[in-house]
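Okay, here's what each chain looks like letter by letter:
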Amino acid sequence: MTWDLFDSDAPLPLAPGAWLRRGRVLAEAADILAVVASVTAQAPFRRMETPGGFTMSAAMTSCGRVGWLTDRSGYRYGPRDPLSDRPWPPLPPFLSTLAGTLAAESGYPGFQPDSCLINRYEPGARMALHQDKDERDLSAPIVSLSFGLSARFLFGGARRGDPTQKIPLHHGDVVVWGGPSRLFFHGIGTVPKGHHPALGAARLNLTFRKAL
Ligand code: MD3
Ligand code: FE
């Protein structure tokens, strides 16, 4: 027999169409974080307001042709950073190519993201259970990269009331969501206090999306 069933590098199925790759981008982490720093120098992290008037606990920014926005008028993608009124920084080719490779490795060939949402969680921040449905083409997957402090990913089902799996996400982990799981409810539990050598007291999550 072969050892393939025990290959720790192989994608782990989380749900139909959803795959976890533990540590898949550890080797690339320093390069990715350097590129992220150049993006956030142009479009800084900010905590946005929800349509209901709450300030999100995670700070966000974007790069790409559009960025994800929330304010009192709703959730949407827009071509400009409202803080500067300039276009979002371009999606660095290194990142879009990497996201395409990661999607292909989980069975989604041809993924060409046009937006990357960058979330920054300090200890105490969380993200409530939600669906990602502001993208025009829901047949494209979402590729997620986690860095820094670990957090509990909450992963439900197609309905808000479905039971949730709690999956720890660590520095360098990659998750690819597509197919039936693309509209599953998900969130992030409160990030515990801590320090990570690469990022200090913070967790970063990058999600690559085809929004247009
Ligand atoms: C499952 N971000 O930005 S990434 C988000 O870690 C978001 O910051 C979380 O949820 C974070 O919208 C989780 C994992 C993720 C992203 C998109 C999904 C899981 C998903 C779309 C469908 C199903
Ligand atoms: Fe989400």
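Residue numbers run consecutively from 1 along every chain, following the written order of its sequence. Ligands are numbered from 1 and chains lettered from A, in the order in which they are written. Two thresholds apply to this predicted model, a pLDDT of at least 70 for residue-level local features and 80 or more for giving and counting side-chain atom pairs, whereas whole-chain, interface and lining totals are computed over all residues. Side-chain metrics rest on all non-hydrogen atoms present in the structure, leaving aside hydrogens and water.

## Some thoughts on the environment of Gly-157
- Position of Gly-157 relative to the elements: it lies in the loop between β11 (151-155) and β12 (165-169).
- Owing to a relative accessible area of 8%, Gly-157 belongs among the buried residues under this scheme.
- Along the sequence, Gly-157 and Pro-109 sit 48 residues apart, while their C-alpha atoms lie 24 Å from each other.
- Whether two residues are in contact is decided by their heavy atoms, any of which lying within 4.5 Å being enough. Non-local contacts of Gly-157, meaning those with residues more than four positions away in its chain, are made with Asp-162, Pro-163, Leu-183, Phe-184 and Phe-185. Comment: elements are numbered from the N terminus, with helices defined as DSSP H or I runs of at least four residues and strands as E runs of at least two. With a 1.4 Å probe rolled over the protein chains alone, any residue whose accessible area is under 20% of its type maximum counts as buried; one over 50% counts as exposed, and the rest are partly exposed.

## Thoughts on the pattern of salt bridges
- By salt bridge we mean one thing: a side-chain nitrogen of Lys or Arg within 4 Å of a carboxyl oxygen of Asp or Glu. Tallied over the full model, the rule gives twelve salt bridges.
- For Glu-49, the salt bridge is made with Arg-72, and the minimal N-O distance between the two is 3.5 Å. Taken together, the positions of Glu-49 in the loop between α1 (29-42) and β3 (59-64) and Arg-72 in the loop between β4 (67-71) and β5 (74-78) put the pair 23 residues apart, joining distant regions of the chain.
- Residue class for Arg-72 comes out exposed when judged on its relative accessible area of 52%.
- One network of salt bridges, in which partners are shared, links Arg-21, Arg-24, Glu-28 and Glu-105.

## Topic: the packing of aromatic side chains
- Two rings from Phe, Tyr or Trp (for Trp, the six-membered ring) form a pair when their centres sit within 6.5 Å of each other. Planes less than 30 degrees apart are called stacked, planes more than 60 degrees apart edge-to-face, and all others tilted. Taken as a whole and judged by the stated rule, the model has five aromatic pairs.
- On the basis of an interplanar angle of 70° and a centroid distance of 4.7 Å, the ring pair of Phe-155 and Trp-177 is categorised as edge-to-face. Residue Phe-155 is found in strand β11, and its partner Trp-177 is found in strand β13 (residues 174-177); the two are separated by 22 residues along the sequence. One exposure class covers both Phe-155 and Trp-177, and it is buried.
- Look at Phe-155 and Phe-184: their rings are 5.9 Å apart centre to centre, the planes differ by 45°, and that puts the pair in the tilted class. Of this pair, Phe-155 sits in strand β11 while Phe-184 is found in the loop between β13 and β14 (186-188), placing the two residues 29 residues apart along the sequence. The pair Phe-155 / Phe-184 is uniform in exposure class, with both members buried.
- Taken together, Phe-153, Phe-155, Trp-177 and Phe-184 form an aromatic cluster joined through their ring pairs.
- A ring is considered to have a charge above it if a Lys NZ or an Arg CZ atom is located within 6 Å of its centre and within 35 degrees of its normal. The aromatic ring of Tyr-121 is capped on one face by Arg-203, whose charged end is 5.1 Å from the ring centroid.

## Some points on the side chain of Glu-135
- Structurally, Glu-135 is set in the loop between β9 (127-130) and β10 (142-148).
- Separated by 2.5 Å, the side chains of Glu-135 and Tyr-77 make a polar contact.
- Within the local environment of Glu-135, its side chain forms a polar contact with the side chain of Arg-182, the two groups lying 2.8 Å apart.
- Leave out the neighbours within four places in its chain, and Glu-135 touches Tyr-77, Arg-182, Arg-209, Lys-210 and Ala-211. Residues adjacent in sequence count toward polar contacts only when both atoms are side-chain atoms; beyond that, a polar contact is any pair of N or O atoms within 3.5 Å, and within protein one must be able to donate a hydrogen and the other to accept it.

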